[in-house]
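# Fold and contact review
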Amino acid sequence: MQYARVLVADDNKCVHEKIRVFLAGWNIEIMEALDGREAIDLVESSDPDIVLMAVRMEGMDGLKATRAIRSGNNRKAKKLPIIAMAEKGEFDYHKRILEAGMNECLNKPIKASQLLDMFNKWIPLNWKPGLYRSDLEMTEYQFDSQKSRQIPDELPGVSFKTTLNNLGGDLKLYLEL
């Protein structure tokens, strides 16, 4: 089975960590860049299948980096799916995102189900995730019966189902939190 190669470009290390957690167990190799310049270099040297690019970053932002990737000599990079990552309130960027050459935009905070949808849409069909965790409903999760009895359905202000889905179905991480 082949691995998809995903480049995550964001100056916020928490975003990198969250995406790593979501994609754990999937057939995905993750490359990380902390600014647009690093992203450009990794696109040239690592041949990713898709790029998740923050719109706003310190140094070179995602819009400038995308323009540079699209205008470079790498023919494959001209068609490389580049997905913007922006805060919900940043949708005044939508026109600028498309003009820069980005293909779509994910709202932050990003959810595992959004990533799976984006990958299924943009990455060639030769990859399959190891587990479609984010699409599963709670009733489909197979838990150790003793552990599942220890987990309440709801805590004040916390929905178990929603939180677990946001963590990509990672029960171990949920229990750690």
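Scroll up a little and you will see the structure.
Predicted model, so just to flag it, every value in this text is computed and none were measured.

### A look at the overall build of the chain
A tally of helices and strands in the chain yields nine helices and seven strands. Evaluated residue by residue, the chain yields a buried proportion of 45% over its 177 residues. A fraction of 59% describes how many contacts in the chain between residues 6 or more apart in sequence connect residues 24 or more apart. As presented, the chain carries roughly 9900 Å² of accessible surface, and 50% of it is formed by carbon and sulfur atoms.

### Let's talk about empty space enclosed by the protein
A full pass over the atoms with the stated rule returns one cavity of 30 Å³ or more. Taken together, V43, D47, P48, N74, K76, A77 and L80 make up the full set of residues lining the largest cavity.

### Regarding the side chain of R70
In this structure, R70 sits in helix α3 (residues 62-71). At 2.7 Å, the side chain of R70 forms a polar contact with the backbone oxygen of A77. In contact with R70, other than residues within four places in its own chain, are A77, K78, K79, L80, I82, A100, G101 and N103.

### Regarding the packing of helix α2 (residues 36-46) against α3
In contact at an axis separation of 8 Å, α2 and α3 are set at 25 degrees when each is read in the N-to-C sense. If you check the angle between α2 and α3, you find them roughly parallel. When the axes of α2 and α3 are compared, the crossing they make is right-handed. For the pair formed by α2 and α3, the contact residues are G36, I40 and V43 on the first element and A65, A68 and I69 on the second. Here the contact of α2 with α3 is composed, by residue class, of five nonpolar, one polar and no charged.

### With respect to the sheet that holds strand β5 (residues 104-108)
One open sheet holds the five strands; their spatial order is β2-β1-β3-β4-β5, and the pairing between them is parallel. Two strands lie at the open edges of the sheet, namely β2 (28-33) and β5, each paired on one side alone. Neighbouring strand axes in the sheet, compared pairwise and without regard to direction, differ in orientation by 25 degrees on average. The pairing of strand β3 (residues 50-54) with strand β4 (residues 82-87) spans four bridges and is classified as parallel.

What counts as what
Residues numbered from 1 in each chain as written. Predicted model: local features only at pLDDT ≥ 70, side-chain atom pairs only at ≥ 80, totals over all residues. Heavy atoms only, no water. Helix = DSSP H or I, 4+ residues; strand = E, 2+ residues; numbered from the N terminus. Buried < 20%, exposed > 50% of the residue type's maximum accessible area, 1.4 Å probe, protein only. Contact = heavy atoms within 4.5 Å. Areas by Shrake-Rupley, 256 points an atom, 1.4 Å probe, with all protein chains shown as cover. 1 Å grid on protein atoms, 1.4 Å probe; cavity = no way out; pocket = protein on both sides within 12 Å on 5 of 7 lines; lining within 4 Å. Points joined across faces, edges and corners; volume = space filled by probe spheres on them. Polar contact = N/O pair within 3.5 Å; in protein donor to acceptor, adjacent residues only side chain to side chain. Axes fitted to C-alpha atoms, helices over the stretch in contact; angles between N-to-C directions. Parallel < 35°, antiparallel > 145°, perpendicular 65-115°, else oblique. Left-handed = near helix turned anticlockwise from the far one by under 90°. Nonpolar A, V, L, I, M, F, W, Y, C, P; charged D, E, K, R; others polar. Pairing = 2+ DSSP bridges.

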